[in-house]
Amino acid sequence: MRKIDGQRVVADLKRLAEFGRYKTGVHRPTYSPADVESRHWLADKLAEAGLNTVIDGIGNVIGRNSGVQRRLLVGSHSETQPYGGWLDGALGVVYGLELARAFADDPDHGVDVVAWADEEGHYGNFLGSRSFTGALTEEEIDQTRGRDNGTPLREALEKAGFAGKPRDTVDPSRYLGYLEAHIEQGDHLEGSGLKVGIVTSIVGIWQYRITFTGEQNHAGTTRMAIRKDAGLALAKFCVAIDDSFPAICGPRTVWTTGRITLDPGAPSIIPGRAEMLFQIRDVDPAAIEHLEAKLRSMAAEASHTGRCSVAIERIRTGAPAVMDPGFQDAIEAASAACAGGRSVRMPSAAGHDAQVLATIMPAAMLFVPSIGGVSHHWTENTADADIVTGAEVFVETCRRLLSG
Ligand code: GLV
Ligand code: MN
Ligand code: MN
């Protein structure tokens, strides 16, 4: 096995960040021209590293090493959030690329490397990894539309040049398991002076579309006493959630209203319709179920006592996942060898493709520190030295797992 080149890892990440560069971050939504270009660049890099590489019918870039007996699957996603960071996803893909180079001359051990499509949910959720594990149906693809512009997924795939290609699915017997590296996206590692997070579990993410229906009318002539203002009903509902959830949530439950739309959305019109996209996360699905029941009873009560009706539709039910204990031990041993043991076991409050892969094979993740705990923002960053240390720990983990 060759030694890894830490400076090359940083340079590759910087090159990848040029596709869709936005200030110090990246705007590279799934299937955008920048995303498609970056996937072709990655495919070329994986091929140069000796892997047999394809871009499949959902946009996954898959580099395979077919010459070895013992093999790991590694990777992450390569699209970004809107005006997001340069490392969320990219880090794990570029570590995979460096790993492929490190094992290039090894006749017995190796890795397949994947850049998953649409982990960030511009169209669906975990489209690429769910396609690979066989969980994404043709019917779901038919029905899926872009969350921002409503573009049908079929049309986006056609434009990207991926339509008509086969969607590759996994043969789990090919792999010892799946390993993904990622930035932490929180401030725990930085705050504790640690270099590696060993992920124990990944949160479940449930998402809702909550719709308020009132009556559109003139903002000047309609008396306050008779208005049915859907926007106001929505605002009150958000406050009611924040008032009631803390008393019944789990210790690490989080909830977010990520998008509010008022219809028709003009200053001189009382909104007749309002919509919020709302998300609840917890590692315990029972805790989420409990909050969902509360949400539904609040909606029923608001419809009954208020001036607008409230409807709740669950649009995403992402299962949490537990990471493989043996793989966690391997990351810990590698951290002892390469990072002075400055590691900690911790749950992930962010979603990751590893939770999809965990449904069919042992899966694990390691985190590197995020400066200031910032992510899903263009200022997201990690010190170069921490990127390099993480790469060394990642490669050492794989070496240990592959050599048994
Ligand atoms: C993944 O990016 C998430 O939103 O957790
Ligand atoms: Mn993300
Ligand atoms: Mn990510």
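Rules of the game
- Residues numbered from 1 in each chain as written.
- Chains lettered and ligands numbered in written order.
- Predicted model: local features only at pLDDT ≥ 70, side-chain atom pairs only at ≥ 80, totals over all residues.
- Heavy atoms only, no water.
- Donors = N, O, S within 2.8 Å, 3.2 Å for Na, K, Ca; no water.
- Helix = DSSP H or I, 4+ residues; strand = E, 2+ residues; numbered from the N terminus.
- Buried < 20%, exposed > 50% of the residue type's maximum accessible area, 1.4 Å probe, protein only.
- Pairing = 2+ DSSP bridges.
- Axes fitted to C-alpha atoms, helices over the stretch in contact; angles between N-to-C directions.
- Contact = heavy atoms within 4.5 Å.

S.K.: How would you explain the coordination of the manganese ion (ligand 3) if you had to name every residue and give the values?
M.R.: Each angle at a metal carrying four tetrahedral donors should ideally be 109.5 degrees, and each at a metal carrying six octahedral donors should ideally be 90 or 180 degrees. At 2.0 to 2.2 Å from the manganese ion (ligand 3) lie its protein donor atoms, namely His77 (NE2), Asp88 (OD) and His182 (NE2). Look at where the donors of the manganese ion (ligand 3) fall in the sequence and you get H-x10-D-x93-H. The manganese ion (ligand 2) is placed at 3.5 Å from the manganese ion (ligand 3), the two being bridged by Asp88. With Asp88 in the loop between strand S5 (70-77) and helix H3 (90-102) and His182 in strand S7 (residues 178-183), this residue pair connects regions lying 94 residues apart in the sequence. Assigned by exposure class, Asp88 and His182 land together as buried.

S.K.: Could you give me a rundown of the coordination of the manganese ion (ligand 2), with the residues and numbers involved?
M.R.: Coordination of the manganese ion (ligand 2) by the protein involves Asp88 (OD), Glu120 (OE), Glu120 (OE) and His376 (NE2), with metal-donor separations of 2.1 to 2.6 Å. Each donor residue of the manganese ion (ligand 2) belongs to the same chain, and together they define the spacing D-x31-E-x255-H.

S.K.: Please provide a residue-by-residue account of the sheet that holds strand S9 (residues 204-213), values included.
M.R.: Strand order in this open sheet of four strands is S11-S13-S9-S14, and the pairing throughout is antiparallel. If you trace the sheet from one side to the other, it starts and ends with strand S11 (254-263) and strand S14 (309-318), each paired once. Taking the axes of each pair of neighbouring strands and ignoring which way they run, one obtains an average angle of 15° across the sheet. Sheet analysis places S9 next to strand S13 (residues 273-282), joined by ten bridges and oriented antiparallel. Paired with Trp206 across the bridge in S13 is Ile280. Lying over the sheet, helix H8 (residues 230-244) contacts S9, S11, S13 and S14, oriented at roughly 20° with respect to S13.

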